[in-house]
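Chain by chain, the residues:
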Amino acid sequence: MERTNGIDPQSGDLILMVGTVKGAFIFRSDRTRREFRIAGPYFKGMEVFSTAYLPDRSAPRMLMGVKSQHWGSTVNWSDDFGASWHEPAEGNVKFPAASNLALNAIWALEPAPVIGPNVVLAGVDPAALYRSNDRGETFRPNEALLNHPERPFWMPGFGGLCLHTVLPDPRDPKRIIVGISSAGIYRSDDGGESWTRRNQGIRMDDAGPPNAPHFRPQCAHKMRYDAKNPRRIYLQNHPGIYRSDDGGDSWIDIAPGLPSVFGFPIVAHPRSADTAYVIPLTADNFRVPIEGAAKVWRTRDAGASWMPLGNGLPQQDAYFSVLRDAFVSDSLDPAGLYFGTRGGQLFVSADEGENWRTIADWLPAILCVKAQVVG
Amino acid sequence: MRFHLPSALRKWARDQEIVELSLPLDLRMTIVEAFEMLGREYPGIRQRVLDDRGNLRRHVNVFVDGENVRFAQGDTTQVTHASEVRVYPAMSGG
């Protein structure tokens, strides 16, 4: 067990769990979000692709998906706010021998209380979904997705063949949606027994691979549920921004009004229906803010119109990118927004995106951010 | 056979720098099989040296009797009861 510095939050405090290419950090603030204190680094020198917080009031737990370039990937956990971390001796996310696959990285950790009080779902590279029934200590693969007949047509992107987004339906324990780069969006309506691709309406100009030209692999970058309606989902695709009003059965283009269709993350407001945020980047081949001016764009009408928000963000010579898991909201009122950059800056807005400031400038490249109010 | 472990792996072998595997004098096996056998007592070592497919991890260097197995027979490099195995994390940049 690795012992390090914890954060000792009070009930009602906000914590940010930040994964980087060289370890993780935890920030703590009270509800005003005026001042943040930093703790860490945890897992020094290792990549932390994913984090999660299990908010059980009597025994809260932090999870982190940690990758050592040398020794592989595991899900590690802390039951004392980072003061000590459990690293399993044997891998707790492993591919079965018959799959002939080997774990690269753990991209997503998603508590799924709708399925069970101790259930955590994990998305990994190479693309597969895992389930834990013991709060992230051990995981088993979802066999139906692992053996999906379309798997031979999936193609890795620059970040690998990653299952990066896991959306358990907040009302239906049988329904789960996942995003895979590059394959697209798959949904199960039977608790993971079967999976169907749900890319209808998403533009794809290129044909599929030679062994399946009819298969048009999509590179879904990030999906989020609308705050009020889990049938409404927002999607930042590799090229394009979309909305589904039928749980992923079909998608409509909501990019008009934005300066670019390219970006990685998308965030839904924690309470307000029809409200979402994106961070457009110039283009696939130049993944930086447009003309060096960083802006977050907000819609309050489910994508019919968009408004730029940039007060406090650098408006010249800003050439960072923001990865898909590095932009989140908290659950406070007014909602806080947070994004980390590959340049190591961590930006905070405590007023729903109207005003921004940095709370860290010199972190390693940021891979993921999670915000959580401590119960 | 003796395994010399880097500092990062010793916590998975009760903080030992060197761990021994007793083998019959006439037994030969591959280096991967040797790590599988070592993993019965020290599963944390096996986990970190071999991937899920049972291959040596890409950024782990293993030397058998002074020779890097990557420049020998790789995962099928033969070892015996007298082999000296050394494990090193690869130098990496960034």
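Residues numbered from 1 in each chain as written. Chains lettered and ligands numbered in written order. Predicted model: local features only at pLDDT ≥ 70, side-chain atom pairs only at ≥ 80, totals over all residues. Heavy atoms only, no water.

Undergrad: How would you summarise the nonpolar core if you had to cite specific residues and measurements?
TA: Residue and element names in this part refer to chain A. Residues L16, F27, F327, Y338 and F339 are the most contacted members of the largest nonpolar core, which totals 42 residues. It is strand β29 (residues 366-373) that contributes the most residues to this core, 5 residues altogether. What F339 contacts, discounting residues up to four positions off in sequence, is I279, V296, L313, F320, V322, A326, F327, Q345, L346, F347 and W356. (Core = buried A, V, L, I, M, F, W, Y, C linked by side-chain atoms within 4.5 Å. Buried < 20%, exposed > 50% of the residue type's maximum accessible area, 1.4 Å probe, protein only. Helix = DSSP H or I, 4+ residues; strand = E, 2+ residues; numbered from the N terminus. Contact = heavy atoms within 4.5 Å.)

Undergrad: Explain the sheet that holds strand β22 (residues 276-278) of chain A to me, and be specific about the residues and the numbers.
TA: Either a parallel or an antiparallel arrangement is found when strands of a sheet pair, and the pairing is made through backbone hydrogen bonds. Residue and element names in this part refer to chain A. One open sheet holds the 4 strands; their spatial order is β21-β22-β23-β24, and the pairing between them is antiparallel. At either margin of the open sheet sits one strand with a lone partner, and together these are β21 (266-268) and β24 (307-309). If you compare each strand with its neighbour and ignore which way they point, the axes differ by 30° on average. When β21 meets β22, the two strands line up antiparallel, connected through 3 bridges. Paired with V267 across the two strands is Y277, which belongs to β22. (Pairing = 2+ DSSP bridges. Axes fitted to C-alpha atoms, helices over the stretch in contact; angles between N-to-C directions.)

Undergrad: Can you explain the interface of chain B and chain A? Please cite residues and give values.
TA: Interface size is commonly expressed as the accessible area that is lost once the parts come together. The interface of chain B with chain A comprises 20 residues on the first partner and 19 residues on the second. Carbon and sulfur atoms supply 54% of the area buried between chain B and chain A, which totals about 1,600 Å² over both sides. For the interface between chain B and chain A, the tally reads 2 salt bridges. Its salt-bridge partner being E87 of chain A, residue K11 of chain B comes within 3.1 Å of it at the nearest N-O pair. Applying the counting rule to chain B against chain A returns 10 residue pairs in polar contact (both at pLDDT 80 or more). Elements with a minimum of two residues in the side of chain B that touches chain A: α2 (43-49) and β7 (84-89) of chain B. Residue composition of the side of chain B that touches chain A, grouped by class: 9 nonpolar, 5 polar and 6 charged. (Buried area = accessible area lost by both parts, 1.4 Å probe. Salt bridge = Lys/Arg side-chain N within 4 Å of Asp/Glu carboxyl O. Polar contact = N/O pair within 3.5 Å; in protein donor to acceptor, adjacent residues only side chain to side chain. Nonpolar A, V, L, I, M, F, W, Y, C, P; charged D, E, K, R; others polar.)

Undergrad: Describe in detail the pairing of strand β6 (residues 61-68) of chain A, supporting the description with residues and values.
TA: Residue and element names in this part refer to chain A. Of all 8 residues in β6, 8 are buried; the element is thus mostly enclosed. As paired strands, strand β5 (residues 47-54) and β6 are joined by 7 bridges and run antiparallel to one another. Across the sheet, residue V48 finds its bridge partner in β6, namely V66. Of the pairings in the sheet, the one linking β6 to strand β7 (residues 72-78) comprises 7 bridges and is antiparallel in character. Bridge assignment links G65 to a residue of β7, and that residue is V75. Connecting β6 to the antiparallel partner β7 that follows it, the hairpin turn spans 3 residues.

Undergrad: A description of the packing of aromatic side chains should follow, citing residues and the corresponding values.
TA: Ring pairs (aromatic) are described by centroid distance and by the angle formed between their planes. Applying the stated rule across the entire model yields 16 aromatic pairs over all chains. Aromatic pair Y42 of chain A and W85 of chain A: ring centres 5.7 Å apart, planes at 55°, arrangement tilted. Here Y42 of chain A is found in strand β4 (residues 37-42), whereas its partner W85 of chain A is found in strand β8 (residues 84-85), with 43 residues between them in sequence. Accessibility classification places Y42 of chain A together with W85 of chain A in one group, the buried group. Taking NZ or CZ as reference, R48 of chain B lies 3.9 Å from the ring centre of W12 of chain B, over its face. (Phe/Tyr/Trp six-rings, centres within 6.5 Å; stacked < 30°, edge-to-face > 60°. Lys NZ or Arg CZ within 6 Å of the ring centre and 35° of its normal.)

Undergrad: Give me the pattern of salt bridges: which residues, what numbers.
TA: Per the stated rule, a full pass over the model turns up 26 salt bridges over all chains. Residue R61 of chain A is joined to D79 of chain A by a salt bridge in which the shortest nitrogen-to-oxygen separation is 2.7 Å. Of the two residues, R61 of chain A sits in strand β6 while D79 of chain A sits in the loop between β7 and β8, which places them 18 residues apart along the sequence. Note that E84 of chain B is salt-bridged to R2 of chain B, the shortest N-O span being 3.1 Å. Of this pair, E84 of chain B sits in strand β7 while R2 of chain B sits in strand β1 (residues 2-4), placing them 82 residues apart in sequence. Given a relative accessible area of 30%, R2 of chain B falls into the partly exposed group.

Everything listed here is a matter of coordinates, which is why it stays silent on function.
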